[in-house]
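# Coordinate analysis (summary)
Given next are the chains, with one letter for each unit.
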Amino acid sequence: GFQDEVEEWDIPVLEYLRDVMAVDLDPQDSEKGFRLKFHFAENPYFTNSLLSKEYHAGESNYYTCETSLKEIRGCKIDWKAGKDVTVEKVKQKGGRNAGKKKNQKRSE
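Residues numbered from 1 in each chain as written. Predicted model: local features only at pLDDT ≥ 70, side-chain atom pairs only at ≥ 80, totals over all residues. Heavy atoms only, no water.

## Some remarks on the overall build of the protein chain
A tally of helices and strands in the protein chain yields one helix and six strands. Order of helices (α) and strands (β) in the protein chain, N terminus to C terminus: α-β-β-β-β-β-β. Intrachain contacts of the protein chain at a sequence separation of at least 6 include 28% that bridge at least 24 residues. Carbon together with sulfur atoms contributes 48% to the accessible area of the protein chain, which is approximately 8,600 Å² in total. (Helix = DSSP H or I, 4+ residues; strand = E, 2+ residues; numbered from the N terminus. Contact = heavy atoms within 4.5 Å. Areas by Shrake-Rupley, 256 points an atom, 1.4 Å probe, with all protein chains shown as cover.)

In structure tokens:
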């Protein structure tokens with residue numbers, strides 16, 4: 001499953017996850033891809049109650065019956081001040097900004 005996709009800093013946020021739904025991007029053609037809808041309870045991290053991620057399908061391989069992904073698109077997350085778990089606070093050493101914290105985006 002998804003345990004390989006979940007980062008350590010995601011775990012506290014996922015405690016507020018209430019439901020996950022999958023829907024086809026095009027109800028007339030399921031081969032075009034799907035959207036995952038993540039329903040969240042009110043939480044201290046972001047204001048969205050619904051987050052989504054779209055998986056757009058590319059070409060299908062007739063011989064292997066596999067479909068490639070053309071694009072993955074996530075929604076905008078409205079993080080509450082200081083609660084973005086994808087940003088790590090790093091303390092700077094030395095220099096004129098010593099002791100100040102700086103935001104640094106985590107790599108995924």
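Having put the structure on the table, let's press on.
## Quick word on the sheet that holds strand β1 (residues 17–24)
If you walk across this open sheet you meet the four strands as β1-β2-β3-β4, and the pairing is antiparallel. Strands at the two margins of the open sheet, each flanked by one partner only, are β1 and β4 (66–74). The mean angle between the axes of side-by-side strands here comes to 20°, regardless of whether they run parallel or antiparallel. As defined by bridge partners, strand β3 (residues 50–61) adjoins β4 across seven bridges and the pair is classed as antiparallel. (Pairing = 2+ DSSP bridges. Axes fitted to C-alpha atoms, helices over the stretch in contact; angles between N-to-C directions.)

## Considering the packing of aromatic side chains
For the structure on display, the rule yields four aromatic pairs. Taking the centre distance of 4.9 Å and the plane angle of 15° together, the rings of Phe34 and Tyr55 count as stacked. Highlighted residues: Phe34 in strand β2 (residues 33–40) and Tyr55 in strand β3, separated in sequence by 21 residues. For Tyr55, a relative accessible area of 15% gives the class buried. (Phe/Tyr/Trp six-rings, centres within 6.5 Å; stacked < 30°, edge-to-face > 60°. Buried < 20%, exposed > 50% of the residue type's maximum accessible area, 1.4 Å probe, protein only.)

## Observations concerning the nonpolar core
In terms of nonpolar packing, the biggest core is built from seven residues, these being Trp9, Val13, Phe40, Tyr45, Phe46, Leu51 and Val85. Here Phe40 is in contact with Val13, Leu14, Tyr16, Leu17, Arg18, Phe46, Asn48, Ser49 and Leu51, once residues within four sequence places are set aside. (Core = buried A, V, L, I, M, F, W, Y, C linked by side-chain atoms within 4.5 Å.)

## So, the environment of Phe38
The residue Phe38 is located in strand β2 in this model. The class for Phe38 is partly exposed, based on a relative accessible area of 23%.

## Some points on the pairing of β2
Summarising the sheet, β1 and β2 pair through seven bridges and their orientation is antiparallel. Along β2, the bridge assignment pairs Leu17 with Phe40. As paired strands, β2 and β3 are joined by seven bridges and run antiparallel to one another. If you follow Gly33 over to β3, its bridge partner there is His56.

## Thoughts on the pattern of salt bridges
Per the counting criterion, the structure on display carries five salt bridges. Salt-bridge contacts for Arg73 lead to Glu54; the nearest nitrogen and oxygen are separated by 3.5 Å. With a gap of 19 residues between them, Arg73 in strand β4 and Glu54 in strand β3 connect regions that are remote in the sequence. A residue is classified by how much of its surface remains accessible, and Arg73, at 39% relative accessible area, is partly exposed. Measuring nitrogen to oxygen at the nearest pair gives 3.0 Å for the salt bridge that ties Arg73 to Glu71. Three or more residues joined by partner-sharing salt bridges are found here, namely Arg35, Glu54, Glu71 and Arg73. (Salt bridge = Lys/Arg side-chain N within 4 Å of Asp/Glu carboxyl O.)

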